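Residue strings, one per chain:
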Amino acid sequence: MAIRNDFEALRSFDQEVLDEIVREAELYLQAQFTAAGASDQRGMAWAGFMIASTTAALAAAASLVVSGGHIILAITSLGAAAMLLLSTFLAAKAVRPNKFCFPGNRPANWLPENWHGNGVGTLDIKQARLEQAHTLEKQICDNVEWAEEAGKLLHHSMDVAMAAVLLAGCVVVIGLCFGLL
């Protein structure tokens, strides 16, 4: 497999420029890795909060049912708990270990048969920098895709949790206004 055509244009650059391209791509990949760690920590904190919220809603529903309390509040608590459980699931899915490209390169990737440009040009430093630039570009793009997927899951989790609170609040307010509670 040859290096993508858009990377062949880099061949005309001086060695110093290629070195800078690779250096900046390595910095970008390292920054992605750092941001992903911070995102996972936020996601874990949110997932933990959702577990506690779901447990509290379930406990409230159970308490209302056992005590013979208001059936409307019990049903509202069960509904909120179900939505919070979905939110918890989405948050946990967002922070589960996932694929991610790490900074650096494995030595085996430098074997000539693993070069994208194998058979195209010589195995010199310029070709090596082109190979590395191509590899880093793919890693950066893969990381963006995986991070966006996790981010969407976490956003959905937050949206579902907010909807649960909003709906439960509306039921309570309506119940109070109409003397049902």
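Since we're looking at a predicted model, the values are computed, not measured.

A. Quick peek at the overall build of the chain. Within the chain, the secondary structure is distributed over four helices and zero strands. Put simply, the chain runs from its N terminus to its C terminus through helices and strands in the order α-α-α-α. A globule of 181 residues ought to have a C-alpha radius of gyration of about 16 Å, yet the chain, at 26 Å, is considerably larger. Counting only residues that meet the buried cut, the chain has 31% of its 181 residues in that class. Residue pairs in contact within the chain that sit at least 24 positions apart in sequence constitute 79% of those at least 6 positions apart. For the chain, the accessible surface area stands at approximately 11,100 Å², while carbon and sulfur atoms represent 68% of it. Taken as two groups, the 12 positive and 18 negative side-chain charges of the chain have centres that lie 7 Å from each other.

B. The arrangement of the packing of aromatic side chains in detail. In this structure the tally under the stated criterion is three aromatic pairs. Each ring, one from Phe33 and one from Phe100, has its centre 6.3 Å from the other, and the planes form 40°; the classification is tilted. Of this pair, Phe33 sits in helix H2 (residues 15–66) while Phe100 sits in the loop between helix H3 (71–95) and helix H4 (125–177), and the two are 67 residues apart along the sequence. When the centroid spacing of 5.7 Å and the interplanar angle of 40° are considered together, the rings of Trp46 and Phe49 count as tilted. Linking Trp46 with Phe49, this pair stays in helix H2, spanning three residues, or about one helical turn. Overall, the relative accessible area of 18% leaves Trp46 in the buried class.

C. Region of the structure containing the confidence of the model for the chain. Of all residues in the chain, 94% attain a pLDDT of 70 or more, and the chain-wide mean is 89. Per-element confidence in the chain ranges from a low mean pLDDT of 73 for helix H1 (residues 5–8) to a high of 95 for H3.

D. Spotlight on the nonpolar core. Counting residues in each nonpolar core, the largest one holds 14 residues, and the members touching the most others are Trp46, Met50, Leu84, Ala91, Leu154 and Ala161. Counting residues per element, the ones that place at least two in this core are H2, H3 and H4. For Leu154, the residues in contact, after removing those within four places along its chain, are Gly43, Trp46, Ala91 and Ala94.

Criteria and thresholds
- Residues numbered from 1 in each chain as written.
- Predicted model: local features only at pLDDT ≥ 70, side-chain atom pairs only at ≥ 80, totals over all residues.
- Heavy atoms only, no water.
- Helix = DSSP H or I, 4+ residues; strand = E, 2+ residues; numbered from the N terminus.
- Rg over C-alpha atoms; globule rule 2.2 N^0.38 Å.
- Buried < 20%, exposed > 50% of the residue type's maximum accessible area, 1.4 Å probe, protein only.
- Contact = heavy atoms within 4.5 Å.
- Areas by Shrake-Rupley, 256 points an atom, 1.4 Å probe, with all protein chains shown as cover.
- Lys, Arg positive; Asp, Glu negative; His and termini not counted.
- Charge placed at Lys NZ, Arg CZ, Asp CG, Glu CD.
- Phe/Tyr/Trp six-rings, centres within 6.5 Å; stacked < 30°, edge-to-face > 60°.
- pLDDT = per-residue confidence, 0-100.
- Core = buried A, V, L, I, M, F, W, Y, C linked by side-chain atoms within 4.5 Å.

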